[in-house]
Amino acid sequence: MTTNTSTSTLRYQSGFGNEFASEAVAGALPEGRNSPQRAPHDLYTELISGTAFTAPRAENRRTWMYRRQPSVVAGGYQPYAQPQWTTGAGGGVAVPPDPLRWNPFAIPSEPLDFVDGMRTVAANGDAEAQTGMAAHMYVANRSMQRRALVNADGEMLLVPQQGRVVLTTELGILDVKPGEVAVVPRGMAFSVALPDGASRGYICENYGAHFRLPELGPIGSNGLANARDFLAPTAAFDSTPATEDGFEIVKKFGGRLWSASQPASPFNVVAWHGNLVPYKYDTAHFMTIGSISYDHPDPSIFTVLTSPSDTPGTANCDFVIFPPRWLVAENTFRPPWYHRSLMSEFMGLVYGQYDAKPEGFKPGGASLHNCMVPHGPDTEAFEKASNAPLAPHKLDNTLAFMFESRYRFIPTAYALEGGALDAGYSNCWAGLKDQFKG
């Protein structure tokens, strides 16, 4: 694939939900109208709508593209076999209400790209009803070659854990390293290259409302993830000529994967404008809010992005991070308390240690604590935090995250039988003895 830019010279546009405009060739954007009789440079006009036409203006998402060929120039679709990528609660298996944890997921030795290396760990909701989400791992060791993925079921939030991913999208290129995250809108073609070799990471496939920045309430007008730190690509089109071998389009549609061939690359957009865009975010820019007096606050103050549901304040999915931060609370047990929650929590660790599970929870692994399943610090973390001098302490060199959802996660057969499940997870609390001294 040959684009008119390289990762070393990438330029981005900053902001979240902005009305962006970009052209790779001067004069390729029409002036004064969206669909002229003949678009500049004899390009084709194509609109991608991420919301209903009549959605409120503040929530409406769409982008106008000016491309060398429209996306209708494609062959018929045939089923594509990828049994490890399932959709919604229906793709899971029944499990008891136990806490679950997985060791780091191994990257197989057989050649796998991003599509073939997708592994669904747990999911909820229903893509057809546009509710819920899925938590996947991708374990890949080769780049996608003359191949693109289009997910019509939901937007995809990528959290790389090992190795960079370079996302070529219809609107341009994003270079995303561990510590950064990226979101690709529903229905937008993209391809994943692995410049560092074998790569592993986490995916939130969001079937529900678009991710947006959370409301700040009494925090005020600034804090958490700032809009200016989100980066959208600039236009960059593939100049590779059409070939007889064609370009494969793998489309996820209705919970199944389908494949079609087309002569030319789908990454042929020369100019575009709109607010339905892929974007990336560096978690190092997150402005962490925390207690400066006492008590461990709710994890909602660590929310980067939220996908709301029809119940106010109850998310279809929240993306929450636990980055480096200072702990200064006085007379306080500083790690998370023991708790049972209405919301279900799928957690991953990008690097470092997680303060509530310093040894058992490893980078590249995951945990699942479903609705009303009790969990909290393991025995080691409890003992340490209960007796530690309460001087100011910085949690450094760590990045954990959580996909939190109002819907119960249903693990897949792969999650339970794929070899990474930690069968002894519950033993981490066995040392919590009755110490009552009444």
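(A) Structural context of the overall build of the protein chain. Counting secondary structure elements, the protein chain contains two helices and 28 strands. The C-alpha radius of gyration computed for the protein chain amounts to 22 Å, which stays within 12% of the reference 22 Å derived for 438 residues, consistent with globular compactness. Burial status across the protein chain gives 53% buried among its 438 residues. For the protein chain, the share of sequence-separated contacts (at least 6 apart) that also reach a separation of at least 24 residues comes to 78%. Accessible surface for the protein chain amounts to roughly 19500 Å². Of this, 52% is attributable to carbon and sulfur atoms.

(B) Expanded view of the packing of aromatic side chains. Throughout the structure, instances matching the rule amount to 20 aromatic pairs. Look at Phe 16 and Phe 230: their rings are 5.0 Å apart centre to centre, the planes differ by 70 degrees, and that puts the pair in the edge-to-face class. With Phe 16 in the loop between strand E1 (12-14) and strand E2 (20-23) and Phe 230 in strand E16 (residues 230-233), the pair connects residues that are 214 residues apart, well separated along the chain. Phe 230 shares its class with Phe 16; the two are buried. Residues Phe 230 and Tyr 279 carry aromatic rings whose centres are separated by 5.8 Å and whose planes lie at 75 degrees to one another, so their mutual orientation is edge-to-face. With Phe 230 in strand E16 and Tyr 279 in strand E20 (residues 279-282), the pair connects residues that are 49 residues apart, well separated along the chain. With relative accessibility at 0%, the residue Phe 230 sits in the buried group. Classification of Tyr 279 as buried rests on a relative accessible area of 10%. Each member of the aromatic cluster is reached from another via a ring pair, and the members are Tyr 202, Phe 319, Phe 346, Phe 401, Phe 403 and Phe 409.

(C) Up close: the pattern of salt bridges. Following the criterion strictly, the structure yields 16 salt bridges and no others. Linking Asp 422 and Arg 101 is a salt bridge whose minimum nitrogen-to-oxygen distance equals 3.1 Å. Of this pair, Asp 422 sits in the segment after helix H2 (413-417) while Arg 101 sits in strand E6 (residues 100-102), and the two are 321 residues apart along the sequence. Overall, the relative accessible area of 18% leaves Asp 422 in the buried class.

(D) Region of the structure containing the sheet that holds strand E4 (residues 62-67). Taken together, four strands build an open sheet; the order of strands is E2-E19-E4-E3 and the sheet is antiparallel. Taken across any chain shown, the strands that pair with only one partner, and hence form the sheet edges, are E2 and strand E3 (44-49). Between one strand axis and the next, the sheet turns through 20 degrees on average, direction left out of account. Across four bridges, E2 lies against strand E19 (residues 269-274) in antiparallel orientation. Directly across from Glu 23, in E19, lies its bridge partner Ala 271.

(E) Examining the sheet that holds strand E8 (residues 133-140) more closely. If you trace the nine strands from one edge of the open sheet to the other, you get E1-E16-E20-E13-E10-E15-E8-E7-E28, paired in antiparallel fashion. At either margin of the open sheet sits one strand with a lone partner, and together these are E1 and strand E28 (410-411). Note that strand E7 (residues 118-123) and E28 share two bridges and pair antiparallel. Residue pairing across strands places Ala 123 opposite Ile 410, the latter belonging to E28.

(F) Structural detail: the state of the cysteines. What the rule picks out here adds up to zero disulfides. The closest cysteine sulfur to the non-disulfide-bonded Cys 317 is located on Cys 204, 3.7 Å from its own sulfur.

(G) Quick look at the environment of Gly 88. Within the secondary structure layout, Gly 88 lies in the loop between strand E5 (78-79) and E6. Separated by 44 residues in sequence, Gly 88 and Gly 132 have C-alpha atoms that sit 7.3 Å apart. If sequence neighbours within four positions are ignored, Gly 88 has contacts with Ala 123, Asn 124, Gly 125 and Tyr 207.

(H) Up close: the environment of Gly 187. As for its position among the elements, Gly 187 is in the loop between strand E13 (180-184) and strand E14 (190-193). Its relative accessible area of 28% is what places Gly 187 among the partly exposed residues. Note: C-alpha distance between Gly 187 and Asp 153 (34 residues apart in sequence) is 7.7 Å. Contacts of Gly 187, omitting those with residues within four sequence positions, involve Ile 48, Val 150, Asn 151, Ala 152 and Glu 170.

(I) Quick look at the pairing of E8. Among the eight residues that make up E8, eight are buried, leaving the element largely enclosed by the rest of the structure. Of the two faces of E8, both are covered, the one formed by Met 133, Ala 135, Met 137 and Val 139 as well as the one formed by Ala 134, His 136, Tyr 138 and Ala 140. Where E7 lies against E8, five bridges are found, and the strand directions are antiparallel. Counterpart to Ala 122 in the pairing with E8 is Ala 135.

(J) Focus on unusual backbone geometry. Not every positive phi belongs to a glycine, and Met 372 is a case in point at roughly 65 degrees. Position of Met 372 relative to the elements: it lies in the loop between strand E25 (366-369) and helix H1 (379-387). Positioned with a positive phi, Asn 397 is a non-glycine residue whose angle comes to about 55 degrees. Relative to the helices and strands, Asn 397 is located in the loop between strand E26 (393-395) and strand E27 (399-405). Residue classification places Asn 397 among the exposed positions, given a relative accessible area of 57%.

Thresholds applied
- Each chain carries its own residue numbering, running from 1 in the written order of its sequence.
- Totals for whole chains, interfaces and linings use every residue, but because this is a predicted model, local features are given only for residues with pLDDT of at least 70 and side-chain atom pairs only at 80 or more, for both listing and counting.
- Note: side-chain values were computed over all heavy atoms of the structure, leaving out hydrogens and water.
- Only runs of H or I of at least four residues qualify as helices and only runs of E of at least two qualify as strands under DSSP, and these elements are numbered from the N terminus.
- Here the radius of gyration uses the C-alpha set of atoms, whereas the globule reference equals 2.2 Å times the residue count to the power 0.38.
- Exposure categories follow from relative accessible area, calculated using a 1.4 Å probe and restricted to protein chains: below 20% of the type maximum is buried, above 50% is exposed, and the middle band is partly exposed.
- The contact criterion used throughout is that any non-hydrogen atoms of two residues lie within 4.5 Å.
- In this description, accessible areas are obtained by the Shrake-Rupley approach with a 1.4 Å probe, and a residue is regarded as covered only by the protein chains that are shown.
- Stacked, tilted and edge-to-face are the three classes applied to pairs of Phe, Tyr and Trp rings, where Trp contributes its six-membered ring and a pair requires centres within 6.5 Å; stacked means planes under 30 degrees apart, edge-to-face means over 60, and tilted covers the rest.
- Each salt bridge in this description consists of a side-chain nitrogen of Lys or Arg and a carboxyl oxygen of Asp or Glu lying within 4 Å of one another.
- Any two strands with at least two DSSP bridges between them are considered paired.
- For helices, the fitted axis covers only the stretch in contact; all axes are lines through C-alpha atoms, and the angles between them, taken along N-to-C directions, range from 0 to 180 degrees.
- Two cysteine sulfurs form a disulfide in these notes if their separation is within 2.5 Å.

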